[in-house]
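A structural walkthrough
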Amino acid sequence: MKGRTARRFREVLVGLQFTSAVGLATAAMIMVAQSHHAAHADLGFARDHLSIIREASDPAVATRLSTLVNALSQVEGVEAVGLSNRSPAGTSTTSVDAYQPGDTREPSTVVVELVSPGALSALEVKLVAGRLLSEQFGNDVTPKSFQDIAAPGQAVIINESALQQLGFGTPAAAINKPLRVNNIDVTVAGVIRNVRFNGPREQVQPVITFLTFQEIDAPTMVVRTREIADRLSEEL
C-alpha cells in the first residue's frame, strides 16, 4: 500500500514538473516572439545606423547648429543629417487646427513637425504616396515659421493618422489637395507611414510636416551613417 502511494506521489511530482517545464518553455517562446516582433516591427522609419543628439537644443550648442550640421554632412560615412522638433528622442508639443476647405466637420488638431533639409532622409521615413519635401522645390520650404506662410500652396506632408483624421480617404486622393492650416491654405505633397518613435504599440497622433531653413526651437539632431560593412567593401 505504501509502495503504491509513494509511486503515485512520484508520478504526480513528475507530472507537475513536466507541466512546469512546458509552461516555462511556452513562456520563453512567447518572450522570444515578442522580442523578435519588437526588433523587426515596422516603426515607419529606419532605426539602424541612426544617431540621435538631443543636446542640439542646449543653448551652448544652438548658436553653432548650422556649422555643426554642415560639418557633420562632410564627414565620411555620414549619409544624411538634419534637425527636427520631433524625433525618436523627443516629441513636438506644437499643434494646429487643420481641415479640408469645404469640409463641414470640426477642424482636426494635428501635431506640427518642423524639419530642416536632411532630416527626412536621415530618418528614412517611408513614403506611401506623392513625394517627400525637398529644398529643390520652391514651395516646399517654409519662408519663416509655419504661422507666417505667405504664399498659398505651401507644400507639406502628412502621416497616415492625419490622412484618416482629415478625411482624405486614400493616400493617392490626398496628393496635391489643399489643406487649411490656421486659416492658410497649404498643399499636400506626400503621405508617409505613421512613425512610431516610442515602439510598435504607440498610438500615433496626426502629424503635418513643414520643411524650413529657419531656426527650430529645441531641436533634436538626427544623423544617418553608412553601414560599416558597406564602407569596408568600398575601401577594399
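Quick look at the structure, then. The model shown is predicted, which means the values in this text are computed figures rather than measured ones. (Residues numbered from 1 in each chain as written. Predicted model: local features only at pLDDT ≥ 70, side-chain atom pairs only at ≥ 80, totals over all residues. Heavy atoms only, no water.)

Description of the side chain of Q100
Counting through the fold element by element, Q100 comes out in the loop between β3 (95-99) and β4 (108-115). A relative accessible area of 19% means that Q100 is categorised as buried. A polar atom in the side chain of Q100 sits 3.2 Å from the backbone oxygen of G167. Dropping the residues within four chain positions of it, Q100 is found in contact with L166, G167, F168, P178 and L179. (Helix = DSSP H or I, 4+ residues; strand = E, 2+ residues; numbered from the N terminus. Buried < 20%, exposed > 50% of the residue type's maximum accessible area, 1.4 Å probe, protein only. Polar contact = N/O pair within 3.5 Å; in protein donor to acceptor, adjacent residues only side chain to side chain. Contact = heavy atoms within 4.5 Å.)

What about the pattern of salt bridges?
Inspection of the entire model under this criterion finds five salt bridges. Between R224 and E124 there is a salt bridge, with its nearest N and O atoms 3.5 Å apart. Here R224, found in strand β11 (residues 220-225), pairs with E124, found in the loop between α4 (119-123) and β5 (127-130); they are 100 residues apart in sequence, far enough to count as distant. For R224, a relative accessible area of 3% gives the class buried. Residues R131 and D140 are paired through a salt bridge, measuring 2.6 Å at the closest nitrogen-oxygen approach. (Salt bridge = Lys/Arg side-chain N within 4 Å of Asp/Glu carboxyl O.)

Here's the deal with the nonpolar core
In this structure, I158, F168, L179, V181, I208 and F210 are the most contacted members of the largest nonpolar core, which totals 29 residues. If we ignore the near neighbours within four places in the chain, the residues touching I208 are V110, V111, V112, E113, V156, I157, I158, L179 and V181. Residues L43, L50, V115 and I192 belong to the second largest nonpolar core, which totals 20 residues. (Core = buried A, V, L, I, M, F, W, Y, C linked by side-chain atoms within 4.5 Å.)

A few points about the pairing of strand β10 (residues 207-212)
A large share of β10 lies buried, amounting to six of its six residues. Burial along β10 is two-sided: V207, T209 and L211 and I208, F210 and T212, pointing in opposite directions, are all buried. Pairing analysis gives five bridges linking β4 to β10, with the strands arranged parallel. Among the inter-strand pairings, L114 is bridged to a residue of β10, identified as F210. Here two bridges tie strand β6 (residues 141-142) to β10, and the two strands are oriented parallel to one another. Bridge assignment links V141 to a residue of β10, and that residue is L211. Examined bridge by bridge, strand β7 (residues 154-159) and β10 share two bridges and lie antiparallel to one another. (Pairing = 2+ DSSP bridges.)

Quick notes on the environment of N139
Topologically, N139 is positioned in the loop between β5 and β6. Distance in space between the C-alpha atoms of N139 and L211 is 9.7 Å, their sequence separation being 72 residues.

Side note on the packing of aromatic side chains
Under the criterion given, the structure shown has zero aromatic pairs. One residue, R131, lies across the ring of F137, its end atom 4.0 Å from the ring centre. (Phe/Tyr/Trp six-rings, centres within 6.5 Å; stacked < 30°, edge-to-face > 60°. Lys NZ or Arg CZ within 6 Å of the ring centre and 35° of its normal.)

Concerning the environment of Q214
Looking at the element boundaries, Q214 is found in the loop between β10 and β11. With a relative accessible area of 40%, Q214 lands in the partly exposed category. For Q214 and V115, which are 99 residues apart along the polypeptide, the C-alpha to C-alpha distance reads 9.4 Å.

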